[in-house]
Amino acid sequence: MNVADSNEMGRHLKAKGLVETQDPEDASIYLVNTCTVRQHAEDRAFSEIGRLGRWKAKRPGRKVVVSGCAAERTKEYLEDRFPFIDLVVGAKSIENFNEIAGRLLDRRATDEDLDYAVPAVNEKVAAFVTSMRGCNYSCTYCIVPYVRGREIYHSIDQILAEVRDRVSEGAREITLLGQTVNSYRHGQHRFGDLLRAVAGIDGVERIRFISPHPYYMTDRVIETMATVPQVCESLHLPVQSGSNTMLKSMMRNYTREHYIALAGKMRQAVPDMTLSTDIIVGFPGETEEDFRQTLSLVEELQFDWGFVFKYSAREGTPAAELECLPQELIEERHQRCLELVDRIALKKRLDLVGTIQDVLIEELGVGRTRTNYKVHVRREAQARQGAASINEAQARAERKPARSASPIGRSLKRRAQPQEKAAASSNIIHGDQVRVRITNAQRATLEGEVYNGNLAFENFREEDCRAGTCPDRQ
Ligand code: 5AD
Ligand code: SF4
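Residues numbered from 1 in each chain as written. Chains lettered and ligands numbered in written order. Predicted model: local features only at pLDDT ≥ 70, side-chain atom pairs only at ≥ 80, totals over all residues. Heavy atoms only, no water.

Taking 1.5 Å of rise per residue, 14 residues should cover 20 Å, and helix H12 (residues 288–301) covers 20 Å from first to last C-alpha, within 8% of that figure. Among the residues making up H12, those that are buried are Asp290, Phe291, Thr294, Leu295, Leu297, Val298 and Leu301. Summarising the axial view, the buried residues of H12 lie within an arc of 155 degrees, below the 170-degree limit, and thus occupy one face. Where H12 is buried, its residues contact helix H10 (244–250), helix H11 (256–269), strand S12 (274–281) and helix H13 (327–350). Following H12 by one or two positions, Gln302 has its phi on the positive side, about 50 degrees. (Helix = DSSP H or I, 4+ residues; strand = E, 2+ residues; numbered from the N terminus. Expected span 1.5 Å × (residues − 1). Buried < 20%, exposed > 50% of the residue type's maximum accessible area, 1.4 Å probe, protein only. Arc of directions from axis to C-beta. Contact = heavy atoms within 4.5 Å.)

Shown next, in the form of structure tokens:
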């Protein structure tokens with residue numbers, strides 16, 4: 001959700017003529033989009049903001065903007081502790097960011113020559129589209145309903161218009177976003193209708209959604225996932241705990257048995273689907289037996305991957321009133337659970353070695369399978385000849401460019417990024433859909449090589465390759 005919000009704010013700024021830079025020394029505006037879901041996230045945001053005092057002091061005309069959930073929760077504290085902040089935009093105000101940001105861009109308000117350039121076209125292959133904001137749930141550990149407010153659904157027309165915009169900028173994969181994304185309702189429309197409507201837009205090849213709530217994983221949604229070809233075979237379905245006592249205390253509105261039955265139904269309907277989850281360990285009152293229930297659920301369901309979080313008390317939530325478990329116990333359970341989740345995930349990834357996957361390339365040499373594994377892709381020919389691999393080219397390209405000594409205004413102009421130069425010299429570029437043979441799965445990101453040459457599916461002609469006339473082999 002935060003990435004989507006950052007993109008949205010970025011789009012407004014770009015539409016006003018600003019360009020993005022990776023180098024803080026080049027920047028006139030530094031926007032920190034914060035998260036408050038766990039204390040750790042908030043602490044990291046505060047230390048990042050703290051560092052900006054010096055950044056701003058170097059050129060007083062620079063602007064510091066702090067947005068998002070932590071900004072919503074701690075607005076006054078932020079303004080007191082970091083008086084150099086120019087603008088605080090709480091999570092509830094992100095939709096009004098366009099107007100709010102206008103103030104920042106008043107040239108008279110800055111002593112710098114903000115040398116506006118033509119906005120770059122956003123060519124993200126995989127784009128996020130927000131379909132709802134806020135959350136009507138009251139999970140007792142969660143701060144989100146407090147900082148993001150109650151559910152607001154965007155109309156199907158609004159969502160489709162945004163999908164079309166993203167497609168026209170180069171997107172081929174759309175991820176629908178919401179705190180309980182599958183609770184979608186607008187007029188007569190429910191989530192299944194939304195998925196079908198998005199699938200109906202020309203150019204949308206893949207659809208994903210995060211995060212669904214088990215309660216709204218209805219038969220209709222399952223059937224839509226199983227039958228609409230654009231909807232990918234991958235589901236991230238947070239379970240949080242395997243103990244019914246904990247689920248009740250968390251107010252999750254489902255039981256362990258309900259979740260297991262649902263996972264079974266999903267896997268039956270969508271056989272190759274990957275299933276991933278979120279787990280919280282060390283929730284107040286969690287006994288060793290409760291925790292073992294979580295481990296046994298992980299064993300039973302064999303999640304393809306999972307995120308394991310240490311419970312973090314959030315002020316103002318009902319769970320924050322309860323007595324916390326000792327931190328060492330939380331750490332120990334976190335470790336045990338993570339080891340189990342990671343062991344199963346590695347086994348699942350190793351099973352993929354030797355398989356052929358459809359990979360949509362998102363950036364130079366890196367793409368995703370439909371089942372949502374990230375894959376580093378090498379060209380087969382390069383691998384055989386031992387020539388510089390795409391991965392090496394990418395490593396070169398990603399090396400931080402030397403800091404520019406040019407005046408800030410000039411340096412804001414859009415330069416060709418090294419990645420783009422490297423991409424131009426490579427045959428696999430973002431937006432390509434390639435067949436990849438998985439060669440290695442030890443690390444979280446799979447590795448593979450292009451199978452049968454680097455050709456987009458629609459242009460692929462097997463006879464060319466057999467005859468040796470395939471352009472990729474010459
Ligand atoms: N402590 C730990 N984890 C939390 N999450 C949400 N709130 C908390 C909290 N207070 C986790 C949940 C959720 C994910 C986004 O963050 O697992 O699914
Ligand atoms: Fe938080 Fe629960 Fe809403 Fe998810 S469903 S955002 S965990 S309150």
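Now, onward.
This brings us to the packing of aromatic side chains. A complete count under the given rule lists 13 aromatic pairs for this structure. Ring plane angle 45 degrees and centroid distance 5.4 Å describe the contact between Phe46 and Tyr77, whose orientation is recorded as tilted. Pair noted here: Phe46 is in helix H2 (residues 39–58) and Tyr77 is in helix H4 (residues 75–81), with a separation of 31 residues, a long-range link. The class for Tyr77 is partly exposed, based on a relative accessible area of 38%. Geometrically, the ring pair formed by Phe283 and Tyr311 is edge-to-face, given 5.4 Å between the ring centres and 75 degrees between the ring planes. Residue Phe283 is found in the loop between S12 and H12, and its partner Tyr311 is found in the loop between strand S13 (305–310) and H13; the two are separated by 28 residues along the sequence. The class for Phe283 is buried, based on a relative accessible area of 0%. The exposure class assigned to Tyr311 is buried, which follows from its relative accessible area of 6%. Clustering of aromatic rings is evident, with ring pairs tying together Phe46, Tyr77, Phe82 and Phe84. (Phe/Tyr/Trp six-rings, centres within 6.5 Å; stacked < 30°, edge-to-face > 60°.)

By themselves, these are just geometric observations and shouldn't be taken as functional.
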